[in-house]
Amino acid sequence: MFFRTLLHAVLSKFGPRLGHFDVTRTNFVTMPTDLDILRHMNNGVYLSIMDVARFDMLHRTGVWAIFQERGWYPVVVSETISFRKSLTVGQKFTVESRILGFDEKAVYVEQRFVRPDADGSPEIYSHGYIRGRFLKRTGGVVTIDELLEAIGVAPDNVSVPEWLLEWSRNAAAPATRAPAPSIWN
C-alpha cells in the first residue's frame, strides 16, 4: 500500500482540479497483493484504498494545501462499508469520493468502488462511508466552523442522511475507559 500511496500522491498533483464539494474519481487496478486466499480483494484493502482516494480528493480540491498552511490533518473517527461484488486481480476500478456533509463535530464522506457494466454505466461493487475529524498539529480539534471558514460554505445539497447520523451515534466509542464485558466468564 505504501507504493500505491506514493504513486497517487504524485498523480494527484497532475489530476484535474476540482471544487471542494465535487465528486473525485480516483482510478486503481487490483494488484496481486490486494487479494486474500479466495483470490478477491481483501476487505481490509478496501479501507486502505479509501484512504488513498480521500487523500487524492483533498489534494485535487485544494483542501490539502489549506490544511498544510494551517497545520491541520485528517483522522478517521469511524467507517463502514458494504460489499456487492468482488474485485479480482487485474481489474480496473474507480473510487468515487464526495463530501456528504457535517454534523456538529465531524465531516462525512461517501465512497463508491465502481466499474463499468455491459452498457458502460458505473456499477457499484462496494459502498463505504467515513466520519472524520481534523486535528491541529499544535493540539486540539478543528471545529466545523473553523473548517467551513477555511474551505467555504457548503452548497445546499451537502447534507448527511439521518440514517448515517444515527449510525454514527451508535458506532461511537465510549467517552471513558469502562471495562469491556467479558464473553469468556
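- Within an unreviewed UniProt entry, the label attached to the protein reads Thioesterase, and the organism entered is Cryobacterium glaciale.

1. With respect to a nonpolar patch on the surface
For step 1, the next point in the chain: A contiguous nonpolar surface patch, about 380 Å² in accessible area, is contributed by F2, F3 and L6.
For step 2, the next point in the chain: Secondary-structure assignment places F2 in helix α1 (residues 2–14).
For step 3, the next point in the chain: Overall, the relative accessible area of 56% leaves F2 in the exposed class.

2. Here we look at the environment of L135
For step 1, the next point in the chain: Topologically, L135 is positioned in strand β5 (residues 122–136).
For step 2, the next point in the chain: On the basis of relative accessible area, L135 is assigned to the partly exposed category, the value being 22%.
For step 3, the next point in the chain: The sequence separation of L135 and D119 amounts to 16 residues, and the corresponding C-alpha distance is 43 Å.
For step 4, the next point in the chain: Not counting the four nearest positions on each side in its chain, L135 is found in contact with G71, W72, Y73, V75, G140, V141 and V142.

3. Examining helix α4 (residues 144–151)
For step 1, the next point in the chain: For α4, the complete set of buried residues consists of I144, L147, A150 and I151. Taken around the axis of α4, the buried residues stretch over an arc of 125°, which confines them to a single face. The exposed set on the far side of α4, more than 90 degrees from its buried face, consists of D145 and E149.
For step 2, the next point in the chain: Buried residues belonging to α4 abut α3 (63–70), β2 (72–83), β3 (92–102), β4 (107–116) and β5.
For step 3, the next point in the chain: G152, located one to two residues past α4, shows a positive phi value of around 105°.

Quick notes on the rules
Positions within a chain are numbered from 1, following the residues in the order the chain's sequence is written. Residue-level local features of this predicted model are given only where pLDDT is at least 70; pairs of side-chain atoms are given and counted only at 80 or more, and the full residue set underlies all totals for whole chains, interfaces and linings. Derived side-chain values reflect all non-hydrogen atoms in the structure, with water molecules and hydrogen atoms excluded from consideration. Patch definition: residues above 30% relative accessible area lacking any salt bridge, with like charges linked at up to 9 Å and the nonpolar side chains Val, Leu, Ile, Met, Phe, Trp and Tyr linked at up to 5 Å. All accessible-area figures derive from a Shrake-Rupley calculation using a 1.4 Å probe, and residue coverage is judged against the displayed protein chains alone. Throughout this description, the term salt bridge denotes a Lys or Arg side-chain nitrogen within 4 Å of a carboxyl oxygen of Asp or Glu. Helical segments are the DSSP runs of H or I of at least four residues, strand segments are the runs of E of at least two, and each set is numbered from the N terminus. For every residue, the accessible area obtained with a 1.4 Å probe (protein chains only) is divided by the maximum for its type, and the residue is called buried under 20%, exposed over 50%, and partly exposed between those limits. Here a residue-residue contact requires only that any non-hydrogen atoms of the pair lie within 4.5 Å. As used here, the arc is the angular range of directions from the helix axis to the C-beta atoms.

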